[in-house]
Number of protein chains: 2
Amino acid sequence: MNKSFDDLLKKLATVEKKKVSVAVAQDSEVLLAVKAAKERNIADSILVGDADEIKKVADEIGMSLDGYEIIDVKDKIEAARTAVKLVSDGKADMYMKGLLDTKDFLRSVLDKEVGLRTGRPLSHVGVFEMEGVDHLLFLTDVAFVPYPTLEDKANIIRNTVEICEACGVENPKVAPLAAVEVVNPKMPETIEADELTKMNERGEIERCIVDGPLSLDLATVPEAAEHKGATGRKIVGDADVLLFPDIHAGNILYKGLVHFAKVKNGNLITGTAAPVILTSRSDSSEVKVYSLALGALVADSLKKNK
Amino acid sequence: MNKSFDDLLKKLATVEKKKVSVAVAQDSEVLLAVKAAKERNIADSILVGDADEIKKVADEIGMSLDGYEIIDVKDKIEAARTAVKLVSDGKADMYMKGLLDTKDFLRSVLDKEVGLRTGRPLSHVGVFEMEGVDHLLFLTDVAFVPYPTLEDKANIIRNTVEICEACGVENPKVAPLAAVEVVNPKMPETIEADELTKMNERGEIERCIVDGPLSLDLATVPEAAEHKGATGRKIVGDADVLLFPDIHAGNILYKGLVHFAKVKNGNLITGTAAPVILTSRSDSSEVKVYSLALGALVADSLKKNK
C-alpha cells in the first residue's frame, strides 16, 4: 500500500516514464511545474502553444527548453485541440491546462473528435497526505460537480476508485460524509449516503467498501470513532475516500486542510480516457508537481488495464 | 481586541465571577469541567440532579463537592426545569447540559414558563483560536440549524455578532462562505451570500461588515486573497465570522479543524436570554472549559447591556 507522496514517487520510478501534453504552455507557473516534473523524473512534456511566447517565458524564469518538444500553435483554442489530440492519439499520456480559460480547456477535453470522453461524467479528486492520518485520503468532489445527484455520486465513487487503485489502494473505504452519522429523513444527504451504501452492498458500486452517512471524525479519526462507540460500521476512522454532499462542503474543507493542516496534495480530473491536470493559479508548484505525479501513475494504470 | 483564549481568560478575571446552573449534573465529564472552571476562576456552579448520584460520581473522580451548591431533583426533566429556572430567575448566569438527552435539554431551554426564549431563533457558534490566524474565528452554524434560510442566516449573524462583541470583537467581519467568491445564479448559496451583504449595506444587519460569497481561503488567508487579486472587497483574508451555507459544510470543516489543525475552541448556543452550553461527549474537557469561559463573558456582556 502506498501511504505518502514519497511512496507514490518511488512507485513511479519503477514504471515507464510518461509524457504530458500541455495546452497553451506559455505560462511561467506551468513551465516551472513541467520543469520540476522532468527533473524529478516524473514526466516529460510536449509544450503546445505560441512558440515565441513559450521561449520568452522560459527565458524570464531561466529555464532551458532543451529536451522539450514544442509545437507552435498561436491560437489558444487550436493549441488546446492539438494538445488534447496528442493524448487521444496516444502520443502523450496525460493532458494539462496552461494559459487558457478553464471553460475552453474543458471544451477540448470533451471534444467529440479529439477529446478524452469516456461516456462517464467528469469529476475531481484531491489526493491528500496529511499529518495525523497514516494513509492517503482521496477527497471528492471539491471543485467540479456542484450538486451531485445520487447517480452522480455513484459515478464519482467509480471514478475515484480507479485513482485509488492506480495509487496502490485496493478496495478503498469510501465515506459519504454528512454532519451526522445516522440517517435523518430531514437530511437528504444522509438518505443518499445510505443509498450509496446499499448500492455498494448490492454490487452496483464495485471494488470498494462504502459506509455512510459518516461525520468527518468518525470517517478519519479512529479514536473519535471508538469514543463514540461506533459499532457494526465498516469504516471506523479509516476511510480512504471522503465523498462530499456538495461542492460547498467539499471546497470549504479542502481549503481548510490546505491552509491550516499539514498536508501535501495533488489533484486530477477523472472520468476521462487519460488523466487531466487542471491546477489553479492559487495552487503551489508542489501541488502542480504532485498532480503530474498522480497523472503519471494513473496513466500507467490505464495502460496496463487496456 | 481579544485574540486568544488566554486574552479572554484575562478579560474574564476583571469581571464579577459568574455562576453556571447544570441540568442533571451526575456526569463525570461535566463535573470535571465545572471543577476546572471553578479552579481557574471562570465560574462557580449550581449542580441540579440526583444528589446521591452526583456525590457518587464526584467520589469516583476524586472531586470534592465543597463550595458547590447541590439541588436534589431525581427526575431528569424536572431537574432541567429547575436548573433553567435558576437562570431565568437570575440566580445563575448560564445554563449547561449534563446527563440528559439533547432533546430534553433543549426543551427546557425553550420552555415558555421557565426557559430562556428571546423570540429569536437559536443558533450555535464555535469560537476558534487557530495557528495561522492572528485573531479569533467564530464559526456558525456547524451544529444546530441544518438548512438555514436567508432570514435564518440574517438571525444567525445577529446572534453571532453579540458573541463577538462579548469577546471584545467590535464590528466583526462576517464572511458567508461558498465554494466560490462570485455570485453564480446556479448556486443559491452565492445568491443568499450576496443578499446578506446587501442587507448589511442597507442596515438590516447591523454592527458588523458582511461580504460574501467568499471561499474559505479568501475569507481567512490574507496571502491567498492578495494572490487572487481580490479588489473592492471588504474582507481580504481577515474575516472574524465564518457563516456556512448549511450544517454539512459547517460541521465537516469544524471537525476537520478540530482534528487536523492546531486549535483551541469553545462552543455556545446563542439567541437565548442567557448563554447555553451544550457540549458533546466527544468534546475534550478543554473545549468544555473554554465553552464555560465564553458563557461567562457573554453573560457579563448581557448583564451590562440590560
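Structural notes, computed from the coordinates. (Residues numbered from 1 in each chain as written. Chains lettered and ligands numbered in written order. Predicted model: local features only at pLDDT ≥ 70, side-chain atom pairs only at ≥ 80, totals over all residues. Heavy atoms only, no water.)

**Side note on the overall build of chain A**
And step 1. When helices and strands are counted, chain A shows 11 helices and 11 strands.
And step 2. Compactness check: chain A gives a C-alpha radius of gyration of 20 Å against a globular reference of 19 Å for 306 residues, within 12% of the reference.
And step 3. For chain A, the spread of C-alpha atoms along the three principal axes comes to 60 × 35 × 35 Å.
And step 4. Within the span of chain A, comprising 306 residues, buried residues form 59% of the whole. (Helix = DSSP H or I, 4+ residues; strand = E, 2+ residues; numbered from the N terminus. Rg over C-alpha atoms; globule rule 2.2 N^0.38 Å. Buried < 20%, exposed > 50% of the residue type's maximum accessible area, 1.4 Å probe, protein only.)

**Thoughts on the pairing of strand S3 (residues 69-72) of chain A**
Residue and element names in this part refer to chain A.
And step 1. In this structure, strand S2 (residues 43-49) lies alongside S3, joined through four bridges in parallel fashion. The residue bridging Gly49 from the neighbouring strand is Asp72, located in S3.
And step 2. Crossover handedness for the path S2 to helix H3 (residues 51-60) to S3: right-handed. (Pairing = 2+ DSSP bridges. Right-handed = clockwise from strand over helix to strand, strands pointing away.)

**As for the pairing of strand S4 (residues 94-97) of chain A**
All names here are of chain A.
And step 1. Going residue by residue along S4, you find Met94 and Met96 tucked away on one face and Tyr95 and Lys97 tucked away on the opposite face as well.
And step 2. Where strand S1 (residues 18-23) lies against S4, four bridges are found, and the strand directions are parallel. Note that in S4 the partner of Ser21 across the bridge is Tyr95.

**Focus on the interface of chain A and chain B**
And step 1. If you look at the interface, chain A gives 40 residues, while chain B gives 40 residues.
And step 2. Approximately 3100 Å² of surface area, both sides summed, lies buried where chain A meets chain B, with 69% of it carried by carbon and sulfur atoms.
And step 3. Ranking the residues of chain A by area buried against chain B places His248(A), Ile252(A) and Phe260(A) at the top, with a combined share of 24%.
And step 4. Our count for the chain A to chain B interface comes out at two salt bridges.
And step 5. Scanning the region where chain A abuts chain B turns up six residue pairs in polar contact (both at pLDDT 80 or more).
And step 6. If you list the elements that add at least two residues to the side of chain A that touches chain B, you get helix H7 (188-201), helix H8 (216-220), helix H9 (222-227) and helix H10 (247-260) of chain A. (Contact = heavy atoms within 4.5 Å. Buried area = accessible area lost by both parts, 1.4 Å probe. Salt bridge = Lys/Arg side-chain N within 4 Å of Asp/Glu carboxyl O. Polar contact = N/O pair within 3.5 Å; in protein donor to acceptor, adjacent residues only side chain to side chain.)

**Remarks on helix H6 (residues 150-166) of chain A**
The periodicity of an α-helix, 3.6 residues per turn, causes residues three or four positions apart to be oriented the same way.
All names here are of chain A.
And step 1. Its 17 residues place the ends of H6 25 Å apart at the C-alpha level, agreeing with the 24 Å of an ideal helix rising 1.5 Å per residue.
And step 2. Buried residues dominate H6, accounting for 12 of its 17 residues.
And step 3. Along H6, the positions that sit buried rather than exposed are Lys153, Ala154, Asn155, Ile156, Ile157, Asn159, Thr160, Val161, Ile163, Cys164, Glu165 and Ala166.
And step 4. A positive backbone phi angle near 85 degrees is found at Gly168, which sits one or two residues after H6. (Expected span 1.5 Å × (residues − 1).)

**Remarks on the side chain of Lys97(B)**
Residues and elements named next belong to chain B.
And step 1. With respect to the helices and strands, the residue Lys97 is situated in strand S4 (residues 94-97).
And step 2. For the buried residue Lys97, which engages in no salt bridge, the nearest side chain bearing the opposite charge is Asp101, 6.8 Å off.
And step 3. Reaching out from Lys97, the side chain makes a polar contact with the backbone oxygen of Leu100 at a distance of 3.1 Å.
And step 4. Excluding residues that lie within four positions of it along the chain, Lys97 makes contacts with Ala23, Val30, Thr102, Phe105, Ile277 and Leu278. (Lys, Arg positive; Asp, Glu negative; His and termini not counted.)

**What about the side chain of Ser108(B)?**
All names here are of chain B.
And step 1. Following the sequence through the fold, Ser108 ends up in helix H5 (residues 102-109).
And step 2. One polar contact links Ser108 to Tyr95, side chain to side chain, over a distance of 2.7 Å.
And step 3. Among residues more than four places away in sequence, those in contact with Ser108 are Ala80, Arg81, Val84, Tyr95 and Gly115.

**A word on the environment of Thr140(A)**
Residues and elements named next belong to chain A.
And step 1. Along the chain, the position of Thr140 falls in strand S6 (residues 137-140).
And step 2. Note on Thr140: relative accessible area 0%, which makes it buried.
And step 3. Placed 25 residues apart in sequence, Thr140 and Glu165 show a C-alpha to C-alpha distance of 15 Å.
And step 4. Setting aside residues no more than four positions away along its own chain, Thr140 makes contact with His124, Val125, Ile156, Thr160, Val241, Leu242, Leu243 and Phe244.
And step 5. A polar contact is formed between the side chain of Thr140 and the backbone oxygen of His124, at a distance of 2.7 Å.

**Some remarks on the packing of H10(A) against helix H10 (residues 247-260) of chain B**
For any two helices packed against each other, the geometry comes down to the angle between their axes and how far apart the axes lie.
And step 1. For the pair H10(A) and H10(B), the least separation of the axes is 8 Å and the interaxial angle reads 20 degrees. Looking at the two axes, H10(A) sits roughly parallel to H10(B). Along this stretch, H10(A) crosses H10(B), giving a crossing that reads as right-handed. Note on element contacts: H10(B) touches H10(A) through His248(B), Ala249(B), Ile252(B), Leu253(B), Gly256(B), Leu257(B) and Phe260(B), opposite His248(A), Ala249(A), Ile252(A), Leu253(A), Gly256(A), Leu257(A) and Phe260(A). (Axes fitted to C-alpha atoms, helices over the stretch in contact; angles between N-to-C directions. Parallel < 35°, antiparallel > 145°, perpendicular 65-115°, else oblique. Left-handed = near helix turned anticlockwise from the far one by under 90°.)

**Observations regarding the relation of the copies chain A and chain B**
And step 1. When chain A is fitted to chain B, the residual RMSD is 0.0 Å, and the transformation amounts to a turn of 180 degrees plus an axial shift of 0.0 Å. What the superposition gives is, in effect, a two-fold axis relating one chain to the other. Nearest to the rotation axis, the C-alpha of Ala249(A) is located 1.9 Å from it, this being the minimum over chain A.
And step 2. With an isologous cut-off of 70% or more, the 100% of interface residues of chain A that recur at the interface of chain B puts this contact in the isologous class. (Least-squares fit on C-alpha atoms with pLDDT ≥ 70 in both.)

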